[in-house]
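# Residue-level structural notes
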Amino acid sequence: MEVENRISKSIIAMDFILCLFDMDGEPVFEEDWIKFHFDFSDFPIEENCHERRIINLDEYLSSVPEEPYLTDYFYASKIVYSDGSVMEDPFGRYAR
């Protein structure tokens, strides 16, 4: 994923909402969407920077599918900054 941090605080954690569907349009998980939490405190996303991060979803997926999954919606629902402040967007209103 590409992350652009445009403010003067480092990002130390993020929660993401992701909807995954198989090629038939059926949800991969029991829920239509799942929430992932990633802790970046060991390697924060520094202030005023743009970088690429790899998010490993292995612990959430039981096997690799034969056909690729479709991502319908993917956004950051919560961002935790180094000073303890939090930005929340639980419904993806600001997702682009």
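To be clear, the structure that these remarks concern was listed above.
Quick notes on the rules
- Residues numbered from 1 in each chain as written.
- Predicted model: local features only at pLDDT ≥ 70, side-chain atom pairs only at ≥ 80, totals over all residues.
- Heavy atoms only, no water.
- Helix = DSSP H or I, 4+ residues; strand = E, 2+ residues; numbered from the N terminus.
- Buried < 20%, exposed > 50% of the residue type's maximum accessible area, 1.4 Å probe, protein only.
- Pairing = 2+ DSSP bridges.
- Axes fitted to C-alpha atoms, helices over the stretch in contact; angles between N-to-C directions.

### Examining the overall build of the chain
Within the chain one finds zero helices and six strands. For the chain, the N- to C-terminal ordering of α and β elements is β-β-β-β-β-β. On the principal axes, the C-alpha backbone points of the chain span a range of 45 × 25 × 20 Å. Residues classed as buried in the chain amount to 28% of the 96 residues present.

### Comments concerning the sheet that holds strand β5 (residues 70–81)
Strand order across the open sheet formed by four strands is β3-β2-β5-β6, with antiparallel pairing between neighbours. Edge positions in the sheet fall to β3 (34–39) and β6 (86–88), since each of these pairs with one other strand and no more. On average, adjacent strands in this sheet sit at an angle of 25° to one another, irrespective of strand direction. Sheet topology places β5 next to β6; three bridges connect them, and they run antiparallel. Residue valine 80 lies in a different strand from β6, and its bridge partner there is valine 86.

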